[in-house]
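Letter by letter, the chains look like this.
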Amino acid sequence: MEAPIKAPTPGAGGCGTAWWQSGTVYQIYPRSFQDTDGDGVGDLRGITARLDYLAWLGVDAVWISPFYRSPMADFGYDVADYCAVDPLFGTLADFDALISEAHRRKLKVILDFVPNHSSIAHPWFTESRASRMSAKRDWYIWRDPGPDGGPPNNWLSNFGGPAWTRDEATGQYYYHAFLPEQPDLNWRNPEVRAAMHDALRFWLARGVDGFRVDVIWHLIKDEGFRDNPQNPDFQPHQAGINRFHQVYSCDRPEVLDIIAGMRAVLRAYGERVLIGEIYLPIERLVTYYGPGLTGADLPFNFQLIQTPWRAEAVAALVAEYEAALPEGGWPNWVLGNHDQPRIAARVGEAQARIAAMLLLTLRGTPTLYYGDEIGLGHVPVPPERAQDPWGRNEPGHGRDPERTPMQWEDAPNAGFTAGTPWLPLTGDANRRNVDELRDDSRSILTLYRRLLSLRRDHSALSVGAWRGLALPPDLAAEVFAYERIADGETLRIVLNFSNQEWSVPLDEGGPWQILLSTHSGRAGDRVERQLRLEPDEGVILGPPGR
Ligand code: GLC
């Protein structure tokens with residue numbers, strides 16, 4: 001275990017913060033970013049070809065969802081070789097080119113690491129399942145049948161059905177928190193830890209700047225494999241996994257030691273970031289910073305995705321999260337990812353602009369999901385084109401609508417592919433694309449770019465303190481206001497979550513000037529005592545005369 005860190009790690013620029021604290025992360029789902037070989041699926045060369053766009057947009061790091069060798073049962077989250085690029089996405093040489101081109105543009109590269117489970121096609125699993133006596137038997141989780149001859153306990157798969165599959169040849173069951181094609185590795189086995197640490201080192205030596213670790217809270221299971229308790233509040237519309245509280249199958253205390261081990265591997269390579277995917281309530285989530293901050297640098301905070309889109313609820317969430325953070329723990333915020341309905345689909349186009357301003361003005365590292373910056377919404381996917389295995393197992397839970405191709409220009413398939421795209425595009429792709437929106441001062445893309453640039457220019461926004469502002473009750477129900485403060489500068493952010501006009505009293509700290517509004521034409525306006533907000537409008541106020 002390494003020594004506790006009390007203060008943020010100093011960054012190379014000497015500004016006192018690490019790049020992953022002041023910077024912004026952009027998630028790329030590689031199947032859908034840019035295809036260069038006409039097979040309808042994006043690839044690594046496509047990402048390299050679009051790095052200039054990302055630099056222009058103003059993000060600091062890309063996180064790329066898995067491109068390892070895989071049979072693609074879960075689109076790459078089923079890894080058959082942790083140290084190889086799948087031919088669908090290119091070659092290791094393509095990856096090396098990507099990372100050097102990214103670094104040339106001062107963009108960091110974060111990989112997706114999937115250590116909880118491998119593919120059923122991984123040679124480790126082939127060897128493990130070959131016999132009960134196999135040297136790698138204990139690399140996976142094998143159990144005898146329960147007393148009735150059925151599965152060893154009541155644990156369910158996150159993708160529907162039981163989490164145990166019987167292997168006829170050896171008469172035992174193996175555990176899989178997801179698909180049967182994704183057997184869980186046994187992280188209690190030191191050989192597994194060592195092999196996984198080696199995989200991390202393989203990529204670290206190639207220059208990657210960090211990892212987003214898939215389902216990190218799942219890594220260790222209850223040693224006694226006790227049954228999970230029933231969830232009395234289960235509703236039939238929910239995914240089957242919610243029938244039980246996942247008390248024993250994940251979020252076990254021993255996981256923190258595993259994470260500290262991974263963190264120590266990363267730290268030996270300098271300032272690299274460890275991000276953990278964690279779907280847990282705030283009080284559990286913050287324990288993943290680890291004792292003495294030896295855990296994840298950024299335990300992914302998905303609370304904005306899960307909280308009702310109302311000013312009061314979001315204000316309460318931000319205050320609760322800020323208060324729950326351990327000393328020195330750096331916050332982070334996420335609005336969407338490849339597993340969740342798109343923000344514009346959930347809150348609508350007008351509020352998607354408020355969401356952008358919120359994400360990029362809260363305290364903590366923001367993660368943007370590709371395509372949100374052009375306002376991609378729900379893209380209907382006809383049943384015959386459905387791809388996601390979860391949606392096939394449990395209709396209604398498919399994740400295809402949030403994984404559709406990026407839209408670049410007014411060209412066939414919006415410039416994504418010269419072939420047939422693996423998922424459909426939006427009906428308005430000839431207008432909703434980067435080329436059309438980049439020169440439009442009112443577009444959501446311009447708003448994202450301005451927000452990112454403002455964040456870079458004002459340390460108050462990137463690393464400053466956060467303070468919620470009290471509003472009269474009728475206003476607080478619809479408007480969320482807060483300040484960001486650093487280096488003697490105070491910025492005030494006021495967000496209208498409603499589609500009504502409001503007048504917000506600014507009783508202290510003024511006069512102000514509008515630095516940016518979600519609505520065009522107001523930047524530069526001075527505001528004295530009352531701020532008039534249009535429906536669905538958000539503004540960032542700063543000191544006048546800048
Ligand atoms: C994570 C990934 C998701 C994947 C699952 C299993 O939740 O984000 O896409 O299906 O893990 O690996």
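Owing to the predicted nature of the structure, the values given are computational and were not obtained by experimental measurement. (Residues numbered from 1 in each chain as written. Predicted model: local features only at pLDDT ≥ 70, side-chain atom pairs only at ≥ 80, totals over all residues. Heavy atoms only, no water.)

## Focus on the overall build of the chain
Along its length, the chain carries 17 helices and 21 strands. Computed over the C-alpha atoms, the radius of gyration of the chain is 24 Å, within 12% of the 24 Å expected from 2.2 N^0.38 for a compact globule of 546 residues. The C-alpha extent of the chain, read off along each of the three principal axes, is 75 × 50 × 50 Å. When burial is assessed residue by residue, the chain has 60% of its 546 residues classed as buried. Restricting the contact set of the chain to residue pairs at least 6 apart, pairs at least 24 apart contribute 69%. Per element, the accessible surface of the chain, about 20400 Å² overall, is 51% carbon and sulfur. (Helix = DSSP H or I, 4+ residues; strand = E, 2+ residues; numbered from the N terminus. Rg over C-alpha atoms; globule rule 2.2 N^0.38 Å. Buried < 20%, exposed > 50% of the residue type's maximum accessible area, 1.4 Å probe, protein only. Contact = heavy atoms within 4.5 Å. Areas by Shrake-Rupley, 256 points an atom, 1.4 Å probe, with all protein chains shown as cover.)

## Considering the sheet that holds strand E11 (residues 298–299)
One open sheet holds the eight strands; their spatial order is E11-E10-E9-E5-E2-E1-E13-E12, and the pairing between them is parallel. Looking at the sheet topology across the chains shown, the edges are occupied by E11 and strand E12 (332–334). Where strand E10 (residues 273–276) lies against E11, two bridges are found, and the strand directions are parallel. By the bridge assignment, Ile275 is partnered in E11 with Leu298. (Pairing = 2+ DSSP bridges.)

## Overview of the confidence of the model for the chain
In low-pLDDT segments, the atomic positions of the prediction should not be examined closely. Overall, the prediction assigns the chain a mean pLDDT of 95, with 97% of residues at 70 or greater. Residue range residues 1–14 is modelled with pLDDT below 50. Its contacts to residues more than four positions away, or to other chains, number 29 contacts. (pLDDT = per-residue confidence, 0-100.)

## Notes on unusual backbone geometry
Residues other than glycine seldom take positive phi values, yet Leu293 does so here, at roughly 55°. Along the polypeptide, Leu293 turns up in the loop between helix H8 (282–285) and E11. Accessibility expressed as a relative area gives 13% for Leu293, which makes it buried.

## Re the site of the ligand
The environment of the ligand is made up of 14 residues, and the closest members are Asp74, His117, Asp214, His338 and Asp339. Between the ligand and Asp214, the relevant distance is 2.8 Å, taken from an oxygen atom to a side-chain nitrogen or oxygen of the residue. (Near = heavy atom within 4 Å. Polar contact = N/O pair within 3.5 Å; in protein donor to acceptor, adjacent residues only side chain to side chain.)

## A short note on a negative patch on the surface
Taken together, the side chains of Asp410, Asp435, Glu436 and Asp439 make up a negatively charged region of the molecular surface. With respect to the element layout, Asp410 can be found in the loop between helix H13 (389–393) and helix H14 (434–438). (Patch = residues over 30% accessible without salt bridge, like charges linked within 9 Å, V, L, I, M, F, W, Y side chains within 5 Å. Salt bridge = Lys/Arg side-chain N within 4 Å of Asp/Glu carboxyl O. Lys, Arg positive; Asp, Glu negative; His and termini not counted. Charge placed at Lys NZ, Arg CZ, Asp CG, Glu CD.)

## Describing helix H6 (residues 190–205)
Relative to the 22 Å expected for 16 residues at 1.5 Å per residue, H6 spans 22 Å between its end C-alpha atoms, a close match to the ideal helical length. Turning to H6, its buried residues number three or more, namely Val192, Ala195, Met196, His197, Ala199, Leu200, Trp203 and Leu204. Regarding H6, its N-cap is Asn189, as a side-chain oxygen of that residue lies 2.8 Å from the backbone nitrogen of Glu191 further along. In the stretch just after H6, Gly207 is the one whose phi turns positive, near 105°. (Expected span 1.5 Å × (residues − 1).)

## So, the sheet that holds strand E21 (residues 538–542)
One open sheet holds the six strands; their spatial order is E14-E15-E16-E21-E18-E19, and the pairing between them is antiparallel. The open sheet has two edge strands, strand E14 (465–468) and strand E19 (526–527), and neither has a second partner. Here strand E16 (residues 489–496) pairs with E21 via four bridges, running antiparallel. Of the residues in E21, the one forming a bridge with Arg492 is Leu541. Strand contacts of helix H10 (residues 311–324): E14 and strand E15 (479–486), with the helix running at about 35° to E15, the strand carrying the most contacts. On the sheet, helix H15 (residues 444–457) packs against strand E18 (512–517) and E21 and is oriented at approximately 130° with respect to E18. (Axes fitted to C-alpha atoms, helices over the stretch in contact; angles between N-to-C directions.)

## Considering the packing of H6 against helix H7 (residues 255–267)
Look at H6 against H7: their axes get within 10 Å of each other, and the N-to-C directions meet at 30°. For H6 against H7, the interelement crossing comes out right-handed. The residues of H7 that touch H6, namely those facing Arg193, His197, Leu200, Arg201 and Leu204, are Asp257, Ile258, Gly261, Met262, Val265 and Leu266. (Left-handed = near helix turned anticlockwise from the far one by under 90°.)

## Some thoughts on the nonpolar core
Residues Tyr26, Leu54, Phe211 and Leu358 are the most contacted members of the largest nonpolar core, which totals 158 residues. Counting residues in hydrophobic clusters, the runner-up holds 16 residues, among them Ala481, Trp502, Leu506 and Trp512. (Core = buried A, V, L, I, M, F, W, Y, C linked by side-chain atoms within 4.5 Å.)

## What about the packing of aromatic side chains?
If you walk through the whole model with that rule in mind, you get 37 aromatic pairs. Here the aromatic residues Tyr26, Phe33, Tyr53, Trp56, Tyr369, Tyr370 and Trp408 are joined through ring pairs into a cluster of three or more. Arg438 extends its terminal NZ or CZ atom over the ring of Trp56, reaching a point 4.2 Å from the ring centre. (Phe/Tyr/Trp six-rings, centres within 6.5 Å; stacked < 30°, edge-to-face > 60°. Lys NZ or Arg CZ within 6 Å of the ring centre and 35° of its normal.)

## Here's the deal with H10
Taking 1.5 Å of rise per residue, 14 residues should cover 20 Å, and H10 covers 20 Å from first to last C-alpha, within 8% of that figure. For H10, the full list of buried residues reads Ala311, Ala313, Val314, Leu317, Val318, Tyr321 and Glu322. What you see down the axis of H10 is that its buried residues fit within an arc of 165°, all on one side. (Arc of directions from axis to C-beta.)

## Observations regarding the side chain of Ser65
With respect to the helices and strands, the residue Ser65 is situated in the loop between strand E2 (61–64) and strand E3 (68–69). A distance of 3.1 Å separates a polar atom in the side chain of Ser65 from a polar atom in the side chain of Gln27. Polar side-chain contacts of Ser65 include one of 3.2 Å to the side chain of Tyr77. When near neighbours in sequence (up to four residues on either side) are disregarded, Ser65 contacts Gln27, Ile28, Tyr29, Pro30, Tyr77, Asp112 and His338.

## Things to note about the environment of Glu478
Tracing the backbone shows Glu478 in the loop between helix H17 (473–476) and E15. For the pair Glu478 and Asp184, spaced 294 residues apart in sequence, the C-alpha to C-alpha distance is 45 Å.

## Thoughts on the packing of helix H12 (residues 349–359) against H15
When two helices pack together, their arrangement is captured by the angle between the axes and the distance separating the axes. It is the contact of H12 with H15, at a shortest axis distance of 10 Å, that shows an interaxial angle of 15°. The orientation of H12 with respect to H15, classified from their angle, is roughly parallel. Helix-helix and strand crossings are classified by hand; for H12 and H15 the assignment is right-handed. Across the interface between the two elements, Ala352, Arg353, Ala356, Met357 and Leu359 of H12 pack against Ile444, Leu447, Tyr448, Leu451 and Arg455 of H15. Taken together, the residues that form the contact of H12 with H15 break down as eight nonpolar, no polar and two charged. (Parallel < 35°, antiparallel > 145°, perpendicular 65-115°, else oblique. Nonpolar A, V, L, I, M, F, W, Y, C, P; charged D, E, K, R; others polar.)

## Details of the pairing of E16
Two faces make up the sheet, and in a regular strand the side chains alternate between them. Most of E16 sits inside the fold, with seven of its eight residues counted as buried. In this structure, the hairpin formed by E15 and E16 is closed by a connection of two residues, where Asp487 is found at a positive phi of approximately 50°.

## Here we look at the pattern of salt bridges
Scanning all chains against the criterion turns up 38 salt bridges. When the shortest N-O distance is used, the salt bridge between Asp184 and Lys221 registers 2.7 Å. Of this pair, Asp184 sits in the loop between strand E8 (172–175) and H6 while Lys221 sits in the loop between strand E9 (210–213) and H7, and the two are 37 residues apart along the sequence. Of the two residues, Asp184 and Lys221, both sit in the buried class. In this structure, the salt-bridge partner of Arg432 is Asp428, at a minimum N-O distance of 3.3 Å.

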